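# Structural characterization, general
If you want the building blocks of each chain, they are given just below.
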Amino acid sequence: MISAFAPGKCILFGEHAVVFGHPAVAVAVDHGVTVSVSESKDWVLEGKPFLKDRHPHISHILENVFQYDGAPLCIDIESSLFSAAGMGSSAALSNALAAAIQCHLTPDEPLDGVKLARIAHSAEASAQKGRASPTDTATSALGGCIVVSDTRVDGTRHIFDTELDTPEGKRHWSVSAVDIPEDLEQSWLVIGYTGEGSSTGSMVAKVADLVSKNPEKMGDLESIGKITKAGLTALSAGNLEALGMAMDACHHKLQSLEVSSNKLDMLVLAARPHSLGAKLTGAGGGGCMVALTTDPKRTSEAIEVAGGIPMISKLGSEGVRIS
Ligand code: PMV
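What counts as what
Residues numbered from 1 in each chain as written. Predicted model: local features only at pLDDT ≥ 70, side-chain atom pairs only at ≥ 80, totals over all residues. Heavy atoms only, no water. Pairing = 2+ DSSP bridges. Helix = DSSP H or I, 4+ residues; strand = E, 2+ residues; numbered from the N terminus. Axes fitted to C-alpha atoms, helices over the stretch in contact; angles between N-to-C directions. Expected span 1.5 Å × (residues − 1). Contact = heavy atoms within 4.5 Å. Parallel < 35°, antiparallel > 145°, perpendicular 65-115°, else oblique. Left-handed = near helix turned anticlockwise from the far one by under 90°. Nonpolar A, V, L, I, M, F, W, Y, C, P; charged D, E, K, R; others polar. Buried < 20%, exposed > 50% of the residue type's maximum accessible area, 1.4 Å probe, protein only. Near = heavy atom within 4 Å. Polar contact = N/O pair within 3.5 Å; in protein donor to acceptor, adjacent residues only side chain to side chain. Domains from an automatic or database assignment. Core = buried A, V, L, I, M, F, W, Y, C linked by side-chain atoms within 4.5 Å.

## Remarks on the sheet that holds strand β10 (residues 277-281)
Spatially, the four strands line up as an open sheet ordered β10-β11-β9-β12, and their pairing is antiparallel. Looking along the sheet, the strands with just one partner apiece sit at the ends: β10 and β12 (309-313). With direction set aside, neighbouring strand axes in the sheet form an average angle of 25°. In terms of strand pairing, strand β9 (residues 188-193) meets strand β11 (residues 288-293) through six bridges, oriented antiparallel.

Printed below as a string of structure tokens:
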């Protein structure tokens with residue numbers, strides 16, 4: 001049996017603004033998805049017969065990417081991520097499956113993060129009608145801290161460019177990395193799940209509608225772009241206080257874009273006295289918030305008391321690997 005693990009992600013800066021061409025910054029988290037594959041008499045997924053049409057990510061990777069024609073496989077999936085909560089669980093699943101299948105077919109070939117990021121992005125795109133940014137898939141494949149933008153971003157290490165034919169036309173992204181300095185090793189992220197699902201598609205549509213009816217809201221998206229760049233500078237310099245302040249400022253702008261919720265605001269407020277900064281993460285409306293802290297236990301307790309489900313991670317875990 002071969003098992004591969006791929007981490008989930010947490011967006012530190014730039015959600016929603018990235019849709020309008022500004023950069024987004026995401027880090028891989030310690031939690032993720034493990035996929036195990038072994039040869040079997042029949043095709044089995046999670047103990048039940050594998051129905052291709054129900055699992056577009058998996059079928060795409062097996063058929064279109066690897067043109068798999070070997071023995072039937074028994075596939076097991078184990079996730080420690082909150083699902084439908086902006087943690088990138090489907091991207092992690094695609095990365096872990098692609099790594100496990102590659103290792104099954106060519107055990108001596110080392111894993112290539114960029115190749116896996118491209119495979120997982122193609123799986124997301126095929127399952128989401130061509131609409132998928134490479135943020136989740138690249139962060140899960142490569143690990144660490146990843147910046148995704150329409151154009152190259154100063155102060156980052158360029159890794160690869162990618163494009164996609166979407167229903168709205170061709171889109172292009174530049175994917176780069178930021179090395180996380182040792183000074184940040186004393187800090188932790190605490191992710192707080194509201195327990196409420198969040199639909200990325202409807203939150204993105206809500207912001208598009210808000211901006212078209214209130215053009216001055218474009219200013220909030222531009223401010224998020226500036227905060228993201230300030231946050232990146234703070235991150236690269238290992239300046240925890242400035243990083244936390246940028247997170248607080250980002251949450252304020254996301255509130256102005258009406259993507260926060262009462263529960264997200266409650267968890268952010270509860271975490272702040274024990275944190276360097278806190279904000280919603282991902283599409284908003286539900287899903288998760290994230291706090292940067294040097295006292296993860298205290299921050300987790302505060303989030304739990306306020307009704308959230310906490311999860312502790314270091315900043316920028318390792319990317320996909322055979323486990
Ligand atoms: O799907 P989530 O919750 O990780 O958030 C997506 C981030 C958005 O900027 C809101 C949408 C996007 O495609 O980048």
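## Details of helix α5 (residues 200-213)
With 14 residues, α5 should reach 20 Å at 1.5 Å per residue; the first-to-last C-alpha distance of 20 Å fits that figure. Lining the buried residues of α5 we find α6 (218-237) and α7 (240-256).

## Thoughts on the packing of helix α2 (residues 89-105) against helix α4 (residues 135-142)
One way to put it is that α2 packs onto α4 with a least axis distance of 8 Å and a crossing angle of 50°. By the criterion of interaxial angle, the relationship of α2 to α4 is oblique. Note that α2 runs across α4; the crossing there is right-handed. Between α2 and α4, the contacting residues are A91, A92 and N95 on the first element and D136, T137, S140 and A141 on the second. A class-by-class count of the residues in the contact of α2 with α4 yields three nonpolar, three polar and one charged.

## A short note on α4
Taking burial as the measure, the eight residues of α4 include six buried ones, the bulk of the element. Taken as a whole, α4 has its buried residues at T135, T137, A138, T139, S140 and A141. With its phi angle positive at about 75°, G143 sits one or two positions after the end of α4.

## Section: the site of the ligand
Around the ligand lies a shell formed by K9, I11, E15, H16, V18, V19, G86, T200, V204, G282 and A283. Measuring from an oxygen atom of the ligand, one finds a side-chain N or O atom of K9 at 2.6 Å. The side chain of T200 places a nitrogen or oxygen atom 2.7 Å from an oxygen atom of the ligand. Among the elements of the structure, β1 (2-13) and α5 are those that each provide at least two residues to the shell around the ligand. Each of two domains, domain 1 (2-147) and domain 2 (182-314), supplies a minimum of three residues to the shell around the ligand.

## Points about the nonpolar core
F13, I75, L235 and M289 are the most contacted members of the largest nonpolar core, which has 95 residues in total. Considering every element that reaches this core, the biggest residue donor is α2, with nine residues. Here this core gathers at least three residues from each of two domains, domain 1 (2-147) and domain 2 (182-314). Setting aside its immediate chain neighbours within four residues, F13 contacts P23, A24, V25, I227, T228, G231, L243, A246, M247, C250 and K279.

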